[in-house]
Amino acid sequence: MVRLSLIIALLGCCFPARAQLQYQHVESLPLFGKISEQTETRYERLPATLKDQSREAVWNLGKNTAGLYLRFKSNTTSVGLKWTLYQNRMMNHMTETGAKGFDLYGLKDNQWVFVNSARPRVNSLTNEAVIVANMDTTLKEFMLYFPLYDGVVDLQIGIDSLALLSPPSVDLPVSTKPVVCYGTSIQQGGCASRPGMAHVSILSRWFNREFVNLGFSGNARLDYDIAELIGSRDASLIILDFMPNVDVGLIEEKLEEFYRIVRQKAPHTTILFVENPRYPQAEFDNQTKKTVADKNVALHAVFHRLVAKGEQHIHIVPASGMIGTDHEATVDGVHFTDLGFMRYAKHLYPYIEQYLN
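1. Some details on the sheet that holds strand S7 (residues 126-132)
Hydrogen bonds along the backbone pair up the strands of a sheet, which may run parallel or antiparallel. The strand order across the open sheet formed by four strands is S1-S9-S4-S7, and the pairing between neighbours is antiparallel. Every other strand in the sheet has two partners, leaving strand S1 (22-25) and S7 as the edge strands with one partner each. Strand-to-strand twist across the sheet, computed as the mean angle between neighbouring axes with direction ignored, equals 25°. Sheet topology places strand S4 (residues 79-85) next to S7; six bridges connect them, and they run antiparallel. If you follow Lys82 over to S7, its bridge partner there is Glu128.

Shown next, in the form of structure tokens:
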């Protein structure tokens, strides 16, 4: 018996138990990626004033936390999360980590480096995960990306009991004059494997500037109330990437007025219109190929009409080469994989670099 106790004691010295994480709510930490702070609850995207104005589908998608990220610093050796989801949404072509999980990044030499993901439990509104452990106790800057296709009603961060958890010391990504992006399910992040791999998040890290993700899955249909919202933020650049959700009729009917509402609010901001992606399935599906071509022709017609009327600081981003030419960058012929998002980010990068300010 004495010998067994000695063995247990020695094992305890060699393999010390990990300290229990202390969880705390994070209302005091700054949250970014929002177009407005006047939301119904903290972790959502649309201002409360749009509740009775926006289409129901758009309002509900505004509860998804795509593009939101929390910034903090800590000297903890471990980071854990507890979170409660809004609806526990399930999709058959997107990972649960991308739809309902979190991504943690750390700052090294003013560049953001992936740490790890917080993966959700299977079929559960309440979740808990340890993201990273065994770090040293130097003070580190962190960025926590929120789920792309679900909402968050409660969030707690777990750290060592004696560690510091406080707002960041550096303003990175730069939070003044963000890039505001409006678009579809692809814009929202479908179907990235984890939140940090949506192209909006990738570009935000590359430019180290705040990006606002106004992607509404299946519902980027040129709603005028959203045009008002887009122009309400003092942006360095506005990207309109709505084409997969509209048809020729809607482009001809609503695009010019949608643009003018944005322009009235943001008279000097450069606006980029993005062509409809050339879907891999269009290589075989002739109807899809024709539909995409017709929509892009309609977009150019409106664009040239605006230019002829004297509009300035507007440009079109072509779709050619957007996600490569090997047809390997989507999960279903339309929505992007991580490969597709990385290629799309590289495609947009030179246009954003040229027109950012």
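2. Observations concerning unusual backbone geometry
That bond from Leu172 to Pro173 is cis: its omega, -10°, falls within 30 degrees of zero. When you line up the elements, Pro173 lands in the loop between strand S10 (165-166) and strand S11 (174-183). Residue Cys191 follows Gly190 across a cis peptide bond; omega there is 10°. Along the chain, Cys191 turns up in the loop between helix H4 (185-188) and helix H5 (199-207). One non-glycine residue, Asp109, adopts positive backbone phi at about 55°.

3. Focus on the pattern of salt bridges
Following the criterion strictly, the structure yields 18 salt bridges and no others. Here Glu210 ties to Arg233 by a salt bridge, and the two come within 3.3 Å at their closest N and O atoms. Highlighted residues: Glu210 in strand S12 (residues 209-215) and Arg233 in the loop between helix H6 (224-230) and strand S13 (237-241), separated in sequence by 23 residues. Residue Arg233 is classed as partly exposed on the basis of its relative accessible area of 21%. Each of the salt bridges in this network shares a partner with another, and the network as a whole consists of Glu256, Arg260, Arg263, Arg305, Lys309 and Glu311.

4. Considerations on the side chain of Ser204
Residue position: Ser204 is located in helix H5. A relative accessible area of 3% places Ser204 in the buried class. One polar contact links the side chain of Ser204 to the main-chain carbonyl oxygen of Arg209, over a distance of 2.7 Å. Excluding anything up to four places from it in sequence, Ser204 contacts Pro173, Arg209, Glu210 and Phe211.

5. Describing the environment of Leu165
Topologically, Leu165 is positioned in strand S10. Looking at Leu165, the relative accessible area reads 15%, which means it is buried. A C-alpha to C-alpha distance of 9.8 Å links Leu165 and Ser28, two positions 137 residues apart in sequence.

6. Side note on the packing of H5 against helix H9 (residues 338-355)
As a packed pair, H5 and H9 sit with axes 9 Å apart at the nearest point and diverge in direction by 50°. Taken together, the axes of H5 and H9 are oblique relative to one another. The two elements H5 and H9 meet at a crossing, and its hand is right-handed. Within the contact between the two elements, H5 uses His199, Ile202, Leu203, Trp206 and Phe207 and H9 uses Phe341, Met342, Tyr344, Ala345, Lys346, Leu348, Tyr349, Ile352 and Glu353. Tallied by class, the residues present in the contact of H5 with H9 amount to eleven nonpolar, one polar and two charged.

7. Remarks on the sheet that holds S11
Here we have five strands laid out as an open sheet, ordered S12-S11-S13-S14-S15, and parallel in their pairing. Of all the strands in the sheet, the pair left with one neighbour each is S12 and strand S15 (314-317). Strand-to-strand, the axes of this sheet are offset by a mean angle of 20°, without reference to chain direction. In the sheet, strand S14 (residues 271-274) pairs with S15 via four bridges, with the strands oriented parallel. Among the inter-strand pairings, Ile271 is bridged to a residue of S15, identified as Ile314. Across the sheet, helix H7 (residues 248-265) touches S11, S13, S14 and S15, and the angle it forms with S14 is around 155°.

8. As for the packing of aromatic side chains
Within the structure shown, the criterion is met by 15 aromatic pairs. For the ring pair Phe207 and Tyr349, a centre distance of 4.4 Å and an interplane angle of 20° mean the geometry is stacked. In this pair, Phe207 is assigned in helix H5 and Tyr349 in helix H9, connecting sequence segments 142 residues apart. Grouping aromatic residues by their ring pairs yields a cluster made of Phe32, Tyr69, Tyr105, Phe114 and Tyr145. Lys82 extends its terminal NZ or CZ atom over the ring of Tyr23, reaching a point 4.5 Å from the ring centre. Taking NZ or CZ as reference, Lys254 lies 4.8 Å from the ring centre of Tyr224, over its face.

9. Brief notes about the state of the cysteines
Formally, a disulfide is one covalent bond, and it connects the sulfur atom of one cysteine to the sulfur atom of another. Tallied over the entire structure, the rule returns zero disulfides. With no disulfide of its own, Cys191 lies 18 Å from the sulfur of Cys181, the closest cysteine sulfur. Looking at Cys191, the relative accessible area reads 7%, which means it is buried.

10. Here's the deal with the nonpolar core
Within soluble globular proteins, side chains that are nonpolar tend to cluster in buried spots. In this structure, Tyr182, Ile230, Ile238, Leu240, Phe242 and Phe273 are the most contacted members of the largest nonpolar core, which totals 40 residues. Ile230 has contacts with Ile35, Val180, Tyr182, Leu214, Ile238, Leu240, Phe258 and Val262, leaving out every residue within four places of it along the chain. Among the nonpolar cores identified, the runner-up in size contains 34 residues, and Cys191, Val274, Leu348 and Ile352 belong to it.

The rules behind these values
Residues numbered from 1 in each chain as written. Predicted model: local features only at pLDDT ≥ 70, side-chain atom pairs only at ≥ 80, totals over all residues. Heavy atoms only, no water. Pairing = 2+ DSSP bridges. Helix = DSSP H or I, 4+ residues; strand = E, 2+ residues; numbered from the N terminus. Axes fitted to C-alpha atoms, helices over the stretch in contact; angles between N-to-C directions. Salt bridge = Lys/Arg side-chain N within 4 Å of Asp/Glu carboxyl O. Buried < 20%, exposed > 50% of the residue type's maximum accessible area, 1.4 Å probe, protein only. Polar contact = N/O pair within 3.5 Å; in protein donor to acceptor, adjacent residues only side chain to side chain. Contact = heavy atoms within 4.5 Å. Parallel < 35°, antiparallel > 145°, perpendicular 65-115°, else oblique. Left-handed = near helix turned anticlockwise from the far one by under 90°. Nonpolar A, V, L, I, M, F, W, Y, C, P; charged D, E, K, R; others polar. Phe/Tyr/Trp six-rings, centres within 6.5 Å; stacked < 30°, edge-to-face > 60°. Lys NZ or Arg CZ within 6 Å of the ring centre and 35° of its normal. Disulfide = S-S within 2.5 Å. Core = buried A, V, L, I, M, F, W, Y, C linked by side-chain atoms within 4.5 Å.

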